[in-house]
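Letter by letter, the chains look like this.
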Amino acid sequence: MRLPFLDSVQVRTMVEAALHEDGAWGDVTTGALVAPEQTGSGVVLAKEAGVLAGLPVMAAAFEALDATIQFRPRVWDGGRVRAGEEIADLRGPYAAMLRAERVALNFVQRLSGIASATARAVELVAGLPVRIVDTRKTIPGMRMLEKYAIRVGGGHNHRFNLADGILIKDNHLAALRARGLGVADAVSLARQGAPHTLRVEVEADTLDQVVEALIAGADIILLDNMSPEQMREAVSKCRGRALTEASGGITLANLRAAAETGVDLISLGALTHSVKALDISLDLTPEV
C-alpha cells in the first residue's frame with residue numbers, strides 16, 4: 001500500500017507541543033533516579049490485533065528528546081499486526097526514552113485505533129461501489145494525524161476544514177429562512193461566494209428536501225439520518241444528477257445495509273470521535 005503524505009514539519013510541531021504539555025524536559029522522577037549516561041533498549045509490542053498507524057510520529061517523539069535514540073520499525077504503517085507481535089525496537093539514552101514514552105504511545109495507540117476501525121468499516125462494504133469517509137469530528141489539534149490514519153486504514157478524507165469545501169447544513173438553512181430565503185438561494189449564494197473548483201453539498205433530512213436540493217443544482221446531497229428505504233429512494237432520484245452521502249446513525253452493525261442502498265459515500269464520525277485506542281505497549285530495559 002502506498003502511504004499518504006505525512007508532513008514531517010507538522011509532525012515535529014505536534015510532537016513537541018505534546019512533550020511540552022507532558023513536561024517531558026522537566027521529568028522530576030527520571031531526573032532524580034536515572035543517570036544521564038545510562039543507556040537502554042526497548043521493544044514496542046502489539047497487545048491486540050489491528051492495523052498500525054503512527055510509527056513515524058512515535059519515532060519523532062523519541063528523536064525530539066534525543067536525536068541519538070535509534071528507532072527501528074519491524075512493521076510499517078498500514079501493516080496488520082497480531083497480538084503479541086513486536087512492532088519496533090529502540091536503543092539509546094534511557095532517561096530520554098522514559099521521558100518520551102507516554103507521548104509516543106499516546107500517538108501510536110490512538111492513530112492505530114483509528115486505522116483499525118477504518119479498515120474494519122472498509123471490509124464490511126467490500127465489493128460495493130462506495131467510499132468510507134471521515135468527518136471533522138476530530139480531537140482539536142490532531143486532525144492532520146487522524147485523517148492520515150483514516151487513509152492508512154483504507155478510508156478517504158472528507159473536508160479537512162471549513163475552507164476546504166461547501167457543505168450547507170440545517171443551521172445554515174435556518175439562518176437563510178429567517179431572511180425569507182431557501183435551498184435554491186443557498187446554492188446560488190454558495191456558488192457566488194466560493195471558488196468555482198469547489199463542489200456544493202447540501203444536507204437533506206427528508207426526500208422532499210432531496211428533491212429541493214436537486215432542483216437547486218447541488219453537486220452532492222448528504223442524506224442525514226435516513227432509513228435504508230429512504231436512502232434507496234434518494235439514490236434513485238439523484239442518479240446521474242448528484243452524488244449521495246449517507247451520514248448520521250450509521251454504525252458497523254448497519255453499515256453494510258447503508259452501502260447496499262447505492263450511496264456513493266458513507267461518512268462515519270465514530271472513526272475519530274469515539275474510537276478505541278489499539279492496545280500497544282513499550283517495554284524498556286536499562287543496560288548494566
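So, here is what we can say about the structure in this document. All values derive from a computational prediction rather than experimental measurement. (Residues numbered from 1 in each chain as written. Predicted model: local features only at pLDDT ≥ 70, side-chain atom pairs only at ≥ 80, totals over all residues. Heavy atoms only, no water.)

### Topic: the sheet that holds strand S7 (residues 166-168)
In a beta sheet, neighbouring strands are held together by backbone hydrogen bonds and run either parallel or antiparallel to one another.
Part 1: If you trace the 6 strands from one edge of the open sheet to the other, you get S6-S11-S10-S9-S8-S7, paired in parallel fashion. With one partner strand each, in any of the chains shown, strand S6 (131-133) and S7 form the two edges of the open sheet. Across the sheet, the mean angle separating the axes of adjacent strands is 25 degrees when strand polarity is ignored.
Part 2: The pairing of S6 with strand S11 (residues 265-267) spans 3 bridges and is classified as parallel. Counted as the bridge partner of Val 133 is Ser 267 from S11.
Part 3: Strands in contact with helix H7 (residues 183-193) are S7 and strand S8 (200-204); relative to S8, the strand with the most contacts, it is inclined by about 155 degrees. (Pairing = 2+ DSSP bridges. Helix = DSSP H or I, 4+ residues; strand = E, 2+ residues; numbered from the N terminus. Axes fitted to C-alpha atoms, helices over the stretch in contact; angles between N-to-C directions. Contact = heavy atoms within 4.5 Å.)

### With respect to the side chain of Asp 224
Part 1: Of note, Asp 224 is situated in strand S9 (residues 220-224).
Part 2: Comment: no salt bridge for buried Asp 224; closest opposite-charge side chain is Lys 169, at 6.9 Å.
Part 3: Apart from the residues within four sequence positions on either side, Asp 224 is in contact with Glu 203, Ala 204, Asp 205, Ser 247 and Gly 248. (Buried < 20%, exposed > 50% of the residue type's maximum accessible area, 1.4 Å probe, protein only. Lys, Arg positive; Asp, Glu negative; His and termini not counted. Salt bridge = Lys/Arg side-chain N within 4 Å of Asp/Glu carboxyl O.)

### A short note on the environment of Arg 131
Part 1: Positionally, Arg 131 belongs in strand S6.
Part 2: For Arg 131, a relative accessible area of 47% gives the class partly exposed.
Part 3: Sequence spacing of Arg 131 and Glu 245 is 114 residues, and the spatial spacing of their C-alpha atoms is 9.2 Å.
Part 4: Setting aside residues no more than four positions away along its own chain, Arg 131 makes contact with His 156, Asp 264, Leu 265 and Ile 266.
Part 5: Within polar-contact distance, the side chain of Arg 131 engages the side chain of His 156 at 3.5 Å. (Polar contact = N/O pair within 3.5 Å; in protein donor to acceptor, adjacent residues only side chain to side chain.)

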